[in-house]
Amino acid sequence: MIEFILQPRVLQPKDWATCLFVLSFALIAVTRTAFEGRFSEFLRILVSDKYIKVYKDSSHLMSGFTILLFVVQIISFSFFIQLLLSQFGYVPKDDKTSWILFLRIFTFFGVFILSKFLIEKIVAAIFNIEEFAEQFNLQKVSYRTFIGMILLPVNIYLFYNNSLSNVLIYCIIGVILAINLFSYLVSLKIYQNLLLGKLFYFILYLCALEIAPYYFIYYLITKN
């Protein structure tokens, strides 16, 4: 006689994710309406450096435009990180739709970015490169926000699709890395005069605050 063992399958609700996706697009719509000219220039950030040159003043770092899209950025990257952890088996497959896991990632990622920003300001003061650090931070936020906006529709597809290909995930990661590399090249081009006398400190700055923190997080995730 064949004995069947039935195991309950717990389905996580997805309404919370739908609400967050709608909220993200609503924030983008509000930003576009309130800052129409700046938003138009922002969308051309990959084909023109006009946005970076016009809005390079550090006062723009705490503007309403930056803050609204920063929230979108955190939501978008948190979704993508959760999808990556589920896809590559670092968390159970069912946790792909877990709002508790999302909340943990959202909190950690937000605290990580803000803490990194504060540490960068301290290090920049020690190395006497405050002017460059402020402008560089604004540029990083701009490109990271642009990536977050691109990821939003991608996240929607990945979240509601139950059969994902690793090749697709690797391609998305490759595009993100390529845009980040492009942002650093733009920085070197725009601030080359400012960096010529402080190139050594800039290299230390990149290694200590742009490479080491992300490698440390990757190590923690893969080992634990």
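Residues numbered from 1 in each chain as written. Predicted model: local features only at pLDDT ≥ 70, side-chain atom pairs only at ≥ 80, totals over all residues. Heavy atoms only, no water.

What should I look at first to understand the environment of I172 in this one?
Locating I172 in the fold gives a position in helix α7 (residues 166-190). Of the residues examined, I172 reaches a relative accessible area of 13% and is grouped as buried. Between the alpha carbons of I172 and L151 there is a distance of 8.8 Å; along the sequence they are 21 residues apart. If sequence neighbours within four positions are ignored, I172 has contacts with F80, L151, V154 and L158. (Helix = DSSP H or I, 4+ residues; strand = E, 2+ residues; numbered from the N terminus. Buried < 20%, exposed > 50% of the residue type's maximum accessible area, 1.4 Å probe, protein only. Contact = heavy atoms within 4.5 Å.)

Would you mind showing me how to read the confidence of the model for the chain here?
The predicted coordinates ought not to be read in detail in places where the model reports low pLDDT. Confidence in the prediction of the chain, expressed as mean pLDDT, is 81, and 87% of residues score 70 or more. Ranking the elements of the chain by mean pLDDT puts helix α8 (residues 192-195) last, at 68, and helix α1 (residues 15-34) first, at 92. This model gives residues 6-11 a pLDDT under 50, and the stretch forms 1 contact once residues within four places in sequence are excluded. (pLDDT = per-residue confidence, 0-100.)

How do you make sense of helix α5 (residues 99-127) when you look at a structure like this?
Here α5 is 29 residues long and its end C-alpha atoms lie 41 Å apart, about the 42 Å a rise of 1.5 Å per residue gives. Within α5, the full set of buried residues consists of L101, F102, I105, F109, G110, F112, I113, K116, E120, V123 and A124. Phi for N128, located one or two positions after α5, is positive at around 60 degrees. (Expected span 1.5 Å × (residues − 1).)

Would you mind going over the packing of α5 against helix α6 (residues 130-160) with me for this structure?
Helix packing for two helices is described by the angle between their axes and how far apart those axes are. In contact at an axis separation of 9 Å, α5 and α6 are set at 155 degrees when each is read in the N-to-C sense. Between α5 and α6, the crossing angle belongs to the class labelled roughly antiparallel. Pair α5 / α6 crosses with right-handed handedness. Listed contacts from α6 to I113, K116, F117, E120, K121, A124 and A125 of α5 are E130, A133, E134, N137, K140 and R144. Taken together, the residues of the contact of α5 with α6 sort by class into 5 nonpolar, 1 polar and 7 charged. (Axes fitted to C-alpha atoms, helices over the stretch in contact; angles between N-to-C directions. Parallel < 35°, antiparallel > 145°, perpendicular 65-115°, else oblique. Left-handed = near helix turned anticlockwise from the far one by under 90°. Nonpolar A, V, L, I, M, F, W, Y, C, P; charged D, E, K, R; others polar.)

Help me understand the packing of aromatic side chains in this model?
The way to describe two aromatic rings as a pair is by their centre distance and the angle between their planes. Throughout the structure, instances matching the rule amount to 20 aromatic pairs. Ring centres 6.4 Å apart and planes at 45 degrees place the aromatic pair Y51 and F65 in the tilted group. Highlighted residues: Y51 in helix α3 (residues 50-54) and F65 in helix α4 (residues 64-87), separated in sequence by 14 residues. Y51 gets classed as buried once you look at its relative accessible area, which sits at 4%. Plain terms: the ring middles of F79 and F159 are 5.8 Å apart, the flat faces sit at 80 degrees to each other, and that makes the pair edge-to-face. Linking F79 in helix α4 with F159 in helix α6, this pair joins segments that are 80 residues apart in sequence. The exposure classification of F79 matches that of F159, with both residues buried. Linked through ring pairs, W16, F21, F79, F102, F106, F159 and Y160 together constitute an aromatic cluster. (Phe/Tyr/Trp six-rings, centres within 6.5 Å; stacked < 30°, edge-to-face > 60°.)

Before we go on, may I ask you to explain the pattern of salt bridges in this structure?
Opposite charge on two side chains lets them pair, provided their charged atoms get close. One pass over the full model with this rule turns up 2 salt bridges. With a shortest N-O distance of 3.6 Å, E41 and R44 are connected by a salt bridge. Of the charged contacts in the structure, one is a salt bridge between E41 and K50, with a shortest N-O distance of 3.5 Å. One continuous salt-bridge network, built from bridges that share partners, spans E41, R44 and K50. (Salt bridge = Lys/Arg side-chain N within 4 Å of Asp/Glu carboxyl O.)

I tried to follow the environment of S165 on my own but got confused; where do I start?
Topologically, S165 is positioned in the loop between α6 and α7. For the pair S165 and Q87, spaced 78 residues apart in the sequence, the C-alpha separation amounts to 8.8 Å.

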